[in-house]
Amino acid sequence: MTRPLRIGLSPRILHTPPAGLGFPKKTLQYLEQTVAHWIMRRRALAFMLPAIETGGVERSHVRISDYVREIDGLVLQGGADVSPISYGETPTRPEWSGDRVRDLYEMELFWECVVQGKPVLGICRGLQLINVALGGTLYQDIATEHPHAILHVDDILYDQHRHTVLIEENSRLAKLYGENYQRLVNSIHHQAIKRLGRDSVVEAISDVDGIIEAIRMRGECYVTAFQWHPEFHGGATDLLDSGPILDDFLAAAEKQRM
């Protein structure tokens, strides 16, 4: 019997846990349950890939290439901002400083997957990280740098905040969803792609303000990413069905291990 697919999940990192959580002066690495269960619903196994630098692990003992060799695909999940330092800028506000440690680790994971031909799927921050890894830049804050944009984040509504996206004709995403190019998705981000990275194409935009909502990397390695959280769409009948996105990614993971 063929073993289940092994999908790696990059961790969120909590460098300074809040008081009362029970881990004073410790660093926590974790994943959000919904994204793991989204993968597991297709009978794939989800594995968190703990970052190395934050724990003092010897690089000679644990290598990123070894991690990637053991998985069939990688999901870069959402979380903290990408640090402006990672795309050559200075944070314009302290709260937008992001997580440079996580950036460096995820970019190394990303490129090792590309080298080994393992498919990558980016979600929210994951899209932004992939764009930066490919030499692109971000709006540090959409409302500040793109004042004519619609609201892309609502702290109270969180994943219930929604807007429509326009899927590009003749894109792979369009082939997955047919000719109804305008679809409704959730929106939980205050940063977004400003300059598109090299070797990548836009697959969907916010149809009101043109903010990039989905990208795909050119070339043989399967790399796709979405600004929305497909794992949060669940059974909502009015939102874009996340099943085709996941099935396409897992099919690529299955293909590469053959």
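For the structure, check the block above.
The notes below deal with the structure included here. Within any chain, residue numbers begin from 1 and follow the written order of that chain's sequence. Residue-level local features of this predicted model are given only where pLDDT is at least 70; pairs of side-chain atoms are given and counted only at 80 or more, and the full residue set underlies all totals for whole chains, interfaces and linings. The side-chain values count all of the structure's non-hydrogen atoms but skip hydrogen atoms and water molecules.

Structural notes on the pairing of strand β8 (residues 162-167)
Whether two strands pair comes down to DSSP finding at least two bridges between them. The numbering of helices and of strands both runs from the N terminus, where a helix is a DSSP run of H or I of at least 4 residues and a strand a run of E of at least 2. Relative to strand β9 (residues 182-186), β8 is paired through 5 bridges, and the arrangement is antiparallel. Of the residues in β9, the one forming a bridge with Val165 is Arg183. Relative to strand β11 (residues 200-206), β8 is paired through 3 bridges, and the arrangement is antiparallel. Bridging from a neighbouring strand, Val165 pairs with Ser206 of β11.

A look at the side chain of Glu112
When you line up the elements, Glu112 lands in helix α3 (residues 100-116). The buried label applies to any residue whose accessible area, calculated with a 1.4 Å probe on protein chains only, is under 20% of its type's maximum; exposed applies above 50%, and partly exposed to all values in between. Charge assignment: positive for Lys and Arg, negative for Asp and Glu; neither His nor the chain ends contribute. Only one rule defines a salt bridge in this text: a Lys or Arg side-chain nitrogen within 4 Å of an Asp or Glu carboxyl oxygen. Buried within the structure, Glu112 lacks any salt-bridge partner; its nearest side chain of opposite charge belongs to Arg69, at an N-O separation of 5.5 Å. Once residues within four sequence positions are removed from consideration, Glu112 is found in contact with Ile64, Ser65 and Val68. In what follows, residue pairs with any heavy atoms lying within 4.5 Å of each other are defined as contacts.

Some words on the sheet that holds β11
Strand order in the open sheet formed by 9 strands is β4-β1-β5-β6-β13-β12-β11-β8-β9, and the pairing between neighbours is mixed. Of all strands in the sheet, those bounded by a partner on one side alone are β4 (45-48) and β9. Shown here is a sheet whose adjacent strand axes are inclined to one another by a mean of 25 degrees, direction ignored. The pairing of strand β1 (residues 6-9) with β4 spans 4 bridges and is parallel. By the bridge assignment, Ile7 is partnered in β4 with Ala46. Relative to the sheet, helix α4 (residues 125-133) contacts β5 (73-76), β6 (120-123), β12 (212-217) and β13 (223-226), its axis offset from that of β6 by approximately 120 degrees. Only the stretch in contact is used when fitting a helix axis, every axis being a line fitted to C-alpha atoms; angles between N-to-C directions are given from 0 to 180 degrees.

Regarding the environment of Val165
Note on placement: Val165 falls in strand β8. As a C-alpha pair, Val165 and Leu14 span 151 residues in sequence and 32 Å in three-dimensional space.

Here we look at the side chain of Glu203
Here Glu203 is to be found in strand β11. We define a polar contact as two N or O atoms separated by no more than 3.5 Å, with the added condition that, inside protein, one atom must be a possible hydrogen donor and the other a possible acceptor, whereas residues neighbouring each other in sequence contribute only through side-chain atom pairs. Polar contacts involving the side chain of Glu203 include one to the side chain of Arg216, which spans 3.1 Å. Those residues in contact with Glu203 that sit more than four places away from it in its chain are Leu166, Ile167, Glu168, Ser171, Arg172, Leu173, Ala214, Ile215 and Arg216.

Re unusual backbone geometry
With phi around 65 degrees, Arg43 is a residue other than glycine that occupies positive phi space. Mapped onto the elements, Arg43 comes out in the loop between α1 (33-40) and β4. Taking relative accessible area as the criterion, Arg43 reaches 66% and is therefore assigned exposed. A positive phi angle, near 55 degrees, is found at Asp199, a position not held by glycine. Secondary-structure assignment places Asp199 in the loop between β10 (192-195) and β11. On the basis of relative accessibility, which here comes to 46%, the residue Asp199 falls in the partly exposed class.

Geometry only, nothing functional implied.
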